[in-house]
Number of protein chains: 2
Amino acid sequence: MNNYSKQREAILDVMKQNLIHPTAEEIYYLVLEKEPQISKSTVYRNINILVELGEIKKLNMTLGPDRYDYLYKDHSHAICEKCGNIFDFYDDFNKNEISKKLLKQIGNNMDINSITIYGICEDCKSNNKNKEE
Amino acid sequence: MNNYSKQREAILDVMKQNLIHPTAEEIYYLVLEKEPQISKSTVYRNINILVELGEIKKLNMTLGPDRYDYLYKDHSHAICEKCGNIFDFYDDFNKNEISKKLLKQIGNNMDINSITIYGICEDCKSNNKNKEE
DNA sequence: TTTAAATTAGGAATGATTCCTAATTTCGAC
DNA sequence: GTCGAAATTAGGAATCATTCCTAATTTAAA
């Protein structure tokens, strides 16, 4: 793994230019515009390679297929389990006090790659107030 | 949704007695022992209902199919992205300072259901030191 | 009871992802 | 540059996980 290919390059470009947390399928259609002959299996294979190389990040979703994010520094996510919206936030987990406390609680000196918060966002909370079922 | 059924009861019992973060498939085989005629679709359907009712929690995995956990109070997870191990830790996110700070960073007053930490555990870190590829 | 709604088993269908294969591309050694 | 080994590709088949469909059964409220 790790020879140059214009297909892999095109996928990484798409990720850099679309900071919208696309699914693998969405990445495929975005890449198609520049590489009309690319196959879905190539997209899936390269997404996995890019994740392994640490160039992009996989977001494990509660709802629907997983999503991907071009990895920039100190970037974590909060995901609404009702509507699926993803909120970005920024934090250097290798420096700050929050992660020190979390690490102490875990009792295992992990390298923290990211923190994901799962919850219900403001919008979904207020929409819910009017509902009864 | 919400009539009594012995199948749903059996699934919840399995979850209460097996705090091992099983996959849906594993839950199916565990329930089979008590309900030998239960079908897989019944297991999947009831798992989803129990998640919706808040009786069990879905863990979004980086590796492999999702896993489930019998929900007890103030319980969150750290997942190793290399070996898939799940570490439990305990924290009431609706009370403590950590979640207050996280909420401020998100900029959206979410109800936090849980926090999941993704990283590399101690074991995988030390195993890696000897590897080069 | 009676009846409507919920639930079931079982299998078909779907959706997402990985695997397979033969052809092509990359790249380092000469 | 040329060669050959290793990596990569397109395309489709296969697999895996999950949901959907249907007719029969069970539940629960009137």
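This text goes with the structure placed above it.
Here the residue numbering is sequential within each chain, running from 1 through the sequence in written order. Here the convention is simple: chains get letters from A, ligands get numbers from 1, in the order in which they are written. The model is predicted, so local features are restricted to residues of pLDDT at least 70 and side-chain atom pairs to those at 80 or more, both for listing and for counting; the totals for chains, interfaces and linings are taken over all residues. Side-chain figures throughout are based on the complete set of non-hydrogen atoms in the structure, without hydrogens or water.

Enquirer: Would you take a moment to explain the nonpolar core for this structure?
Expert: Grouped burial of nonpolar side chains is what soluble globular proteins tend to show. Side-chain atoms within 4.5 Å link the members of a nonpolar core, which is a set of buried Ala, Val, Leu, Ile, Met, Phe, Trp, Tyr and Cys residues. Per-residue accessibility, obtained with a 1.4 Å probe over protein chains only, is compared with the maximum for each type, and a residue is labelled buried under 20%, exposed over 50%, and partly exposed between these values. Counting 28 residues, the largest nonpolar core has Ile115(A), Ile117(A), Ile115(B) and Ile117(B) as its most contacted members. Every helix listed is a DSSP run of H or I at least four residues long, and every strand listed is a run of E at least two residues long, numbered separately from the N terminus. Contributing elements (two or more residues each) for this core: strand 3 (75-80), strand 4 (86-90), helix 4 (97-106) and strand 5 (111-120) of chain A together with strand 3 (75-80), strand 4 (86-90), helix 4 (97-106) and strand 5 (111-120) of chain B. Contacts are residue-level and defined by heavy atoms, with any inter-residue pair within 4.5 Å sufficient. Setting aside residues up to four positions removed in sequence, Ile117(A) forms contacts with His77(A), Ala78(A), Ile79(A), Phe89(A), Leu102(B), Ile106(B), Ile112(B), Ser114(B) and Ile115(B).

Enquirer: Could you clarify how one ought to interpret unusual backbone geometry in this entry?
Expert: What is expected of a backbone is that most residues other than glycine have negative phi and most peptide bonds are trans. Residue and element names in this part refer to chain A. One non-glycine residue with positive phi stands out, namely His21, at about 55 degrees. Along the chain, His21 falls in the loop between helix 1 (6-17) and helix 2 (24-32). Residue His21 is classed as buried on the basis of its relative accessible area of 7%.

Enquirer: Before we go on, may I ask you to explain the protein's contact with DNA strand C in this structure?
Expert: We call a residue near a molecule or strand as soon as one heavy atom of that residue lies within 4 Å of the molecule or strand. The immediate surroundings of DNA strand C are formed by 20 residues, with Tyr44(A), Asn2(B), Ser5(B), Thr42(B) and Arg45(B) found nearest. For DNA strand C, the backbone portion of the atoms within 4 Å of the protein, that is sugar and phosphate, comes to 75%. In the analysis that follows, any N or O atom pair within 3.5 Å is treated as a polar contact, provided that within protein one partner can donate a hydrogen and the other can accept it, and provided that, for residues neighboring in sequence, both atoms belong to side chains. In this structure, a phosphate oxygen belonging to DNA strand C sits 2.8 Å away from a side-chain N or O atom of Arg8(B). A distance of 3.3 Å is found between a phosphate oxygen of DNA strand C and a side-chain nitrogen or oxygen belonging to Gln37(B). Only helix 3 (40-52) of chain A together with helix 1 (6-17) and helix 3 (40-52) of chain B provide two or more residues apiece to the surface near DNA strand C. Considered class by class, the residues forming the surface near DNA strand C number six nonpolar, twelve polar and two charged. Residues are grouped as follows: Ala, Val, Leu, Ile, Met, Phe, Trp, Tyr, Cys and Pro are nonpolar; Asp, Glu, Lys and Arg are charged; every other residue, Gly included, is polar.

Enquirer: Explain the interface of chain A and chain B here, please?
Expert: With 34 residues of chain A at the contact, the number on the chain B side is 34 residues. Reported buried area values correspond to the accessible surface (1.4 Å probe) lost by two parts on association, with both partners' losses combined. Of the roughly 3300 Å² buried between chain A and chain B on both sides combined, carbon and sulfur atoms contribute 53%. For salt bridges, the criterion is a side-chain nitrogen of Lys or Arg within 4 Å of an Asp or Glu carboxyl oxygen. Linking chain A with chain B are two salt bridges, by the criterion used here. Taking the shortest distance from any N to any O, the salt bridge between Lys125(A) and Asp111(B) comes out at 3.2 Å. In this structure, the connection of chain A to chain B is made through 22 residue pairs in polar contact (both at pLDDT 80 or more). Secondary structure elements with two or more residues in the side of chain A that touches chain B: strand 3, strand 4, helix 4, strand 5 and helix 5 (122-129) of chain A. Here the element with the most residues in the side of chain A that touches chain B is strand 5 of chain A; it accounts for ten residues. DSSP bridges decide pairing: two strands pair if at least two such bridges lie between them. Where strand 5 of chain A lies against strand 5 of chain B, nine bridges are found, and the strand directions are antiparallel. From the neighbouring strand, Asp111(A) faces strand 5 of chain B, where its bridge partner is Ile120(B).

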